[in-house]
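Descriptive analysis of the structure
Each chain is listed here by its residues.
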Amino acid sequence: MKVEINGRPFGEEPRPGQCLRTYLRERGWFGVKKGCDAGDCGACTVHVDGEPVHSCLYPAFRADGRSVTTVEGLASPDGELHPVQRRFLDAQGFQCGFCTAGFLMTTAALDEEQLADLPRAFKGNLCRCTGYRAIEDAVRGVRHTEAPAPGESVGRSLPAPAGPQVVTGTARYTFDLDVPGLLHMKLLRSPHAHARILAIDTAAALRVPGVHAVLTRHDAPRRHFSTARHEHPEEDPEDTRVLDDTVRYVGQRVAAVVADSEAAAEEGCRRIEVTYEVLPAVLDPEEAMRPGAPVVHDKDAATARIARPRDNVVGEAHGEIGDVAAGFAGADAVYEETFRTQRVQHASLETHGAVAWIDDDGRLTVRTSSQTPFLTRRALCALYDLPPERVRVVAGWVGGGFGGKQEMLVEDVVALAVLRLRRPVKLEYTRAEQFYGATTRHPFTIRVKAGARRDGTLTALRLRVVANTGAYGNHGPAVMFHSVGESRAVYRAPHKKVDAFSVYTHTVPAGAFRGYGLGQVLFAVESALDELARRLGLDPLEFKARNIIGPTEPMLTPGGHEEDLHIASYGLDQCLSIVRRAQAEPAAEPVPDGWLLGQGAALAMIATGPPGGHLADARAALLPDGTFDLAVGTAEFGNGTTTVHQQIAAGELGTTVERIAVRQSDTDVVRHDTGAFGSTGTVVAGKATLRACRALADQVLDFAAAHLGVAREGCRLAPEAVLHPGGRLPLKEVYDAARALGLGLAADGHFGGTPRSVAFNAHWFRVAVAPGTGEIRILRSVHAADAGKVMNPMQCRGQVEGGVAQALGATLFEQVRLDERGAVDTAAFRRYRLPQYADVPRTEVHFMETADAIGPLGAKSMSESPFNPVAPALANAVRDATGVRFTELPLTRDRVWRALERRSRTRRRPGSP
Ligand code: FES
């Protein structure tokens, strides 16, 4: 075989059946990504003789005699970026960047005609983060980035510091490194929803050439843990073992095979013989709560932290304010309905995975695609009785998370293998495993009852919520609590009641996912209040506006008042004004003949950070060349925190972002960080950065005054120098002087994540619905976001657009379906439809003018919250168009068509209105 790759000759023969993707990666071209290995996502796109191909489907041997270009070869030999790379940089056409190489390669091969039809041109490329608008802007040559003056970077649209690496394919994600002597792990998974493992015969597996070990329950620690990662792990149920003797869902790990190659590990898995005693399973949460249902975890409630194990209730919340019965009795109209939401997968393009080894100092080092490196280290230490200084956890670039990586799903078993074999081991989930072996959004059933007086005053609101947490409790109780918190607190009905249950079933576990349960309950509440308003003959938006919480009112949640939760800035009224304006504007969009036209809105409130504290440390230091080092614990997974931290630091240190080098996502760089989840990257970790940099600025100026003859009064930091009334003192000299005295100029910052504020969002849609097919066409999409002081408008807008796009997928078509055994039968992108470029309309994003009294420099969070109002806003718009209230997600074409058909059949009946 002779192939030219990025202008260099290669001659190694591929293995039989090897695809071009792995052939390229094995030769160090890590810009070629694995998103699905099925030709669905396009992350592996390369050019063969100038033609774009999905290299995961392209047999490596077919490249014989051809020229292959990967993203690393797109720039000119002298390093000049390809125009497409330049445009993606200027428009920041990426977030996590895992899809970017594929988009770049596809775009670079488009001709003029194809460029004019991007929905068609991008049929083979998926992006889970951006909502595609930034990608379209990049292709069209729109420039969003700014270059502000020193010290003025906060509030400006600055690019991500790793942008050049992302567009050149040199950003290093979890598996983008060579590890000598690497072994590969594959997992044998359960075919049963519920079974006891009576015996495992590993002899044949161990005879497979290249297999080094087969790990079973006998090798795993006896102790139980929770895969959820929280600062306070005592809040999560301890129901999981690394390898258990009972399996509780189809797809649960049974054994792990470690071998020289993935193929040998897979063959080892096939040779393991397992004897199961199949047990009865329960798949439905309501059935699971009935007397006599199979018990998923027969454990002691107190030690396992399960509310009622025999009833399969892992957590529950009950609370009443006022007297709801009296509230409904005093209402002129009452609406009651049951709403249902479905399982949805995070579908981050980089799947779960970790690679671990023992380093030269004998430390267990785990490189993982995680939102929580510090908490993962803590969990590994607890599992394997290791002191923290013997374990290092580091995340490279993380290819998307959305909450799915606030979980320890792979690191535990990889660590087990490394500690046993003392060899480097890698486990990388396939896309199929991501569907049946990772977590999903919790499916919810929500019974809502709402009553109001004729004048539009809400009198009572009652919720009964059942969340299906699947076979393991991980985030179940916390999601359930959060789901009925802000969703209920945002309305000020005097009488409120909630009963909420998080319930085990023998199905794939649910977990943390953008919005953390709020989106599900808001779909029900915002739909119900819309319907109630219509029944009272009121405008739904004005009805809601009349009943929302005001800026000085207390936040009441199921447990009563959360002492640390405040409205530290209030932009909800501004959000509603944006929606009102959109609603009042006449429809300008063309509507096909016969289609039904409607509009609808929904609002949302969310706490900026989880309850109970969320810890962040940062350390800022002056470097010898007069630039600064900033170490933060929080992970970057496309949410833009690295840029925001640079901006905060540059602002405090009077410099430009290029002079701030950020190190992060590594347990070695700071003392502790709870993690990048709960919308905390800016508001919690950002505050630690602010404090560290503010302290460092003072320290530098104090030192210059004390030791270098600078008048403290009137002096300030500027790029590369201290400016003082007498002139300019280079920072290099300050560093050297401190060094000569044996001092380092460095400062620490810490924030505990409390008190917390709330952010607000509202969304409005105008839609057209085709009565003959059920197709929903979004004509206009408007989002109002109260993010406080917006630190980086371009990135924040990207978070909103990405959140809206992800919510549109969950509203319109995404669904993890289970078969009658409880097995996932949508375990591929072609069976689980992610929004494509053509599916996502442009959303007009508006930011409110507020400044938060708690958040750093007035900022609030904006990473989860855009998701939450989308589904009810769309359902309300469809209701307005069709007259049908949809109570179940997703609003697929079939479901809408069936409902419209049912209604028209009913109307055709004699006597029907
Ligand atoms: Fe496209 Fe993350 S930026 S998948």
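Conventions we followed
Residues numbered from 1 in each chain as written. Predicted model: local features only at pLDDT ≥ 70, side-chain atom pairs only at ≥ 80, totals over all residues. Heavy atoms only, no water. Buried < 20%, exposed > 50% of the residue type's maximum accessible area, 1.4 Å probe, protein only. Helix = DSSP H or I, 4+ residues; strand = E, 2+ residues; numbered from the N terminus. Pairing = 2+ DSSP bridges. Polar contact = N/O pair within 3.5 Å; in protein donor to acceptor, adjacent residues only side chain to side chain. Contact = heavy atoms within 4.5 Å. Axes fitted to C-alpha atoms, helices over the stretch in contact; angles between N-to-C directions. Parallel < 35°, antiparallel > 145°, perpendicular 65-115°, else oblique. Left-handed = near helix turned anticlockwise from the far one by under 90°. Nonpolar A, V, L, I, M, F, W, Y, C, P; charged D, E, K, R; others polar. Expected span 1.5 Å × (residues − 1). Salt bridge = Lys/Arg side-chain N within 4 Å of Asp/Glu carboxyl O. Phe/Tyr/Trp six-rings, centres within 6.5 Å; stacked < 30°, edge-to-face > 60°. Lys NZ or Arg CZ within 6 Å of the ring centre and 35° of its normal.

Digging into the pairing of strand β18 (residues 444-452)
By the criterion of burial, β18 is predominantly enclosed, with 7 of the 9 residues buried. Two elements, strand β13 (residues 333-340) and β18, share 8 bridges in a ladder whose sense is antiparallel. Each bridged residue has a counterpart across the sheet, and for Arg-340 the counterpart in β18 is Thr-445. Bridge analysis of β18 against strand β19 (residues 458-470) gives 9 bridges, and the strand direction is antiparallel. Across the sheet, Val-448 pairs through a bridge with Leu-463, a residue of β19. Counted between consecutive antiparallel strands, the loop separating β18 from β19 contains 5 residues, among which Gly-456 sits at a positive phi close to 95°.

Some points on the side chain of Ser-226
Residue placement: Ser-226 occurs in the loop between β8 (211-215) and β9 (246-247). Side-chain polar atoms of Ser-226 contact the backbone nitrogen of Ala-228, separated by 3.1 Å. In this structure Ser-226 touches Asp-236, Pro-237, Glu-238 and Asn-474, once residues within four positions along its chain are discounted.

Observations concerning the sheet that holds strand β33 (residues 844-847)
With mixed pairing, the 4 strands of this open sheet are ordered in space as β23-β31-β32-β33. In this open sheet, the two strands that pair with only one neighbour each are β23 (596-607) and β33. Each strand axis lies, on average, 15° off the axis of its neighbour in the sheet, ignoring direction.

Some points on the packing of helix α19 (residues 540-547) against helix α20 (residues 572-584)
The interhelical angle for the contact between α19 and α20, taken along N-to-C directions, is 165°, at an axis separation of 11 Å. For the element pair α19 / α20, the angle class is roughly antiparallel. The element α19 and its partner α20 pack so that their crossing is left-handed. Seen from α19, the contacting residues are Leu-541, Glu-542 and Ala-545; seen from α20, they are Leu-576, Val-579, Arg-580 and Gln-583. In the contact of α19 with α20, the residues fall into 4 nonpolar, 1 polar and 2 charged.

Some details on helix α18 (residues 518-535)
Think of an α-helix as turning once every 3.6 residues; residues three or four places apart then point the same way. With 18 residues, α18 ought to run about 26 Å at 1.5 Å a step, and its terminal C-alpha atoms sit 25 Å apart, in line with that. Gly-537 sits one or two positions beyond α18 and adopts a positive phi of about 70°.

Focus: the pairing of strand β6 (residues 183-189)
Within β6, 7 of the 7 residues are buried, leaving the element largely enclosed by the surrounding structure. Residue alternation in β6 divides its side chains into two sets, Leu-183, Met-185, Leu-187 and Arg-189 and His-184, Lys-186 and Leu-188, and both sets are buried. Looking at chain direction, β6 and strand β17 (residues 425-428) are connected through 2 bridges and run parallel. Across the sheet, Leu-183 pairs through a bridge with Val-425, a residue of β17. With 6 bridges joining them, β6 and strand β10 (residues 253-259) adopt antiparallel strand pairing. Residue pairing in the sheet places Arg-189 in a bridge with Arg-253 of β10.

Some details on the pattern of salt bridges
A complete count under the given rule lists 71 salt bridges for this structure. The closest approach of N and O atoms between Arg-420 and Asp-219, which form a salt bridge, is 2.8 Å. On the criterion of sequence distance, the pair formed by Arg-420 in helix α14 (residues 411-421) and Asp-219 in the loop between β8 and β9 is long-range, its members being 201 residues apart. A salt bridge links Glu-844 to Arg-780; the shortest N-O distance between them is 2.8 Å. Residue Glu-844 is located in strand β33, and its partner Arg-780 is located in strand β32 (residues 776-786); the two are separated by 64 residues in the primary sequence. Residue class for Glu-844 comes out partly exposed when judged on its relative accessible area of 30%. Several salt bridges converge on common partners, so that one network encompasses Asp-530, Glu-531, Arg-534, Arg-535, Arg-879, Asp-880 and Arg-885.

Structural notes on the packing of aromatic side chains
Taken as a whole and assessed by the stated rule, the structure comprises 13 aromatic pairs. Ring geometry for Tyr-132 against Tyr-837: centres 5.8 Å apart, planes inclined by 70°, an arrangement best described as edge-to-face. A residue pair is termed long-range when its members are at least 10 positions apart, and Tyr-132 in the loop between α5 (118-121) and α6 (133-140) and Tyr-837 in the loop between α24 (793-812) and β33 qualify at 705 residues. For the pair Tyr-132 and Tyr-837, one class covers both residues: buried. Summarising the aromatic geometry, the rings of Phe-339 and Phe-523 are spaced 5.6 Å apart at their centres and angled 85° between planes, so their arrangement reads as edge-to-face. Of the two residues, Phe-339 is situated in strand β13 and Phe-523 in helix α18; the sequence distance between them amounts to 184 residues. Side by side, Phe-339 and Phe-523 carry an identical accessibility label, which is buried. Among the aromatic residues, those joined into a ring-pair cluster are Phe-103, Phe-122, Tyr-132 and Tyr-837. Positioned above the aromatic ring of Phe-175 is the side chain of Lys-426, whose terminal nitrogen or guanidinium carbon lies 4.9 Å from the ring centre.

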